[in-house]
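# Overview (structure and organization)
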Amino acid sequence: MLRYNIIKNKNPREIVLLKGRPCAWGKCAFCDYIGDNTEDTAEAEKLNAEVLSRVTGCLGVLEVINSGSCFELPEKTLILIRETVKSKNIKRLFFESHWMYRKMLQKMRSFMGIPITFKIGVETFDNDFREKVLRKNAPFKTPEEVARYFDSPCLMVGIRGQTKEMIDRDMDILKKYFKLGTVNVFTNNSTPVKRDDALVGWFMEKYACLENDPSVEVLYENTDFGVGG
Ligand code: SF4
């Protein structure tokens with residue numbers, strides 16, 4: 001499992017993949033990457049300390065991900081991230097959080113003491129598809145609600161049942177309401193959710209220009225940030 005990398009192209013930053021408690025929701029229809037969670041806090045703290053010791057602060061920006069939300073990281077790990085921010089002169093963090101923790105983001109910003117770019121797994125702004133098919137448990141109704149709390153939505157494209165119109169609308173919303181975003185191209189996994197290859201082909205052709213858009217990162221594999229495995 002790769003747990004540290006430097007992202008050099010868009011939004012240059014160091015990135016670490018840490019271990020946290022199991023995702024408090026844990027029921028998204030497409031998700032099978034919660035195998036990296038643990039109930040063993042001591043084990044997670046030890047591993048996270050080793051990974052964080054690799055951070056150099058070379059780019060002044062650090063992204064911390066875990067298979068869940070940053071609020072599911074052990075408290076000692078959060079303290080260690082804060083110490084690393086100070087000792088390595090890090091000026092900005094990227095964290096991920098589920099919608100259910102939206103009222104806690106400000107507290108985390110105060111705790112870390114530096115600006116945090118909060119990502120959220122929106123998957124799609126089509127409320128029916130997100131809630132009824134993907135079972136995301138993020139029952140917001142409008143993009144404005146998301147933008148009130150979060151900085152950078154993660155969208156998912158290429159799922160069977162999704163339409164071109166849904167994806168076009170999602171891309172428009174991403175550009176209109178947010179400065180940053182991530183698009184994950186869905187790859188088949190152990191869940192019953194399936195990839196629509198024709199839709200992926202259409203997306204890659206129509207949105208090839210995103211390659212040169214500094215504000216949108218497109219991931220074709222879960223490991224495209226150089227962590228995971
Ligand atoms: S919120 Fe994230 S980690 Fe939790 S089940 Fe959904 S996709 Fe998986």
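Here goes a summary of the coordinates provided.

What counts, and at which threshold
- Residues numbered from 1 in each chain as written.
- Predicted model: local features only at pLDDT ≥ 70, side-chain atom pairs only at ≥ 80, totals over all residues.
- Heavy atoms only, no water.
- Core = buried A, V, L, I, M, F, W, Y, C linked by side-chain atoms within 4.5 Å.
- Buried < 20%, exposed > 50% of the residue type's maximum accessible area, 1.4 Å probe, protein only.
- Contact = heavy atoms within 4.5 Å.
- Phe/Tyr/Trp six-rings, centres within 6.5 Å; stacked < 30°, edge-to-face > 60°.
- Lys NZ or Arg CZ within 6 Å of the ring centre and 35° of its normal.
- Helix = DSSP H or I, 4+ residues; strand = E, 2+ residues; numbered from the N terminus.
- Polar contact = N/O pair within 3.5 Å; in protein donor to acceptor, adjacent residues only side chain to side chain.
- Salt bridge = Lys/Arg side-chain N within 4 Å of Asp/Glu carboxyl O.
- Near = heavy atom within 4 Å.
- Nonpolar A, V, L, I, M, F, W, Y, C, P; charged D, E, K, R; others polar.

## Details of the nonpolar core
Of all hydrophobic cores here, the largest spans 49 residues; its most connected members are Ile81, Leu93, Phe95 and Phe203. Apart from residues no more than four positions distant in its own chain, leucine 93 is found in contact with Leu62, Val64, Ile81, Val85, Met112, Ile114, Pro115, Ile116 and Thr117. Of all hydrophobic cores here, the second largest spans 11 residues; its members include Leu134, Met156, Phe186 and Val193.

## Re the packing of aromatic side chains
In the structure shown here, the tally under the stated rule is 10 aromatic pairs. Each ring, one from tryptophan 202 and one from tyrosine 207, has its centre 6.0 Å from the other, and the planes form 80°; the classification is edge-to-face. Given a relative accessible area of 18%, tryptophan 202 falls into the buried group. An aromatic cluster of three or more residues is present, and its members are Trp99, Phe125, Phe140, Tyr149, Phe150 and Phe178. Here the basic side chain of arginine 13 rests over the ring of phenylalanine 94, its NZ or CZ set 5.0 Å away from the ring centre. Taking NZ or CZ as reference, arginine 82 lies 4.0 Å from the ring centre of phenylalanine 111, over its face.

## Structural notes on the environment of aspartate 126
The residue aspartate 126 is located in the loop between strand S5 (116-123) and helix H4 (127-133) in this model. Residue aspartate 126 is classed as partly exposed on the basis of its relative accessible area of 22%. Apart from residues no more than four positions distant in its own chain, aspartate 126 is found in contact with Met166, Arg169 and Asp170. One polar contact links the side chain of aspartate 126 to the main-chain amide nitrogen of phenylalanine 129, over a distance of 2.9 Å.

## Regarding the pattern of salt bridges
Under the definition given, this model contains 15 salt bridges. In this structure, the salt-bridge partner of arginine 130 is glutamate 131, at a minimum N-O distance of 3.1 Å. Between lysine 206 and aspartate 168 there is a salt bridge, with the nearest N and O atoms lying 3.1 Å from each other. Of this pair, lysine 206 sits in helix H7 (residues 197-206) while aspartate 168 is found in helix H6 (residues 164-177), placing the two residues 38 residues apart along the sequence. The exposure class assigned to lysine 206 is partly exposed, which follows from its relative accessible area of 44%. One connected set of salt bridges, linked through shared partners, spans Arg3, Lys19, Asp36 and Glu43.

## Considering the site of the ligand
Near the ligand the following residues occur: Cys23, Gly26, Lys27, Cys28, Phe30, Cys31, Tyr33, Ile34, Gly68, His98 and Lys136. Taken together, the residues of the shell around the ligand break down into six nonpolar, three polar and two charged.

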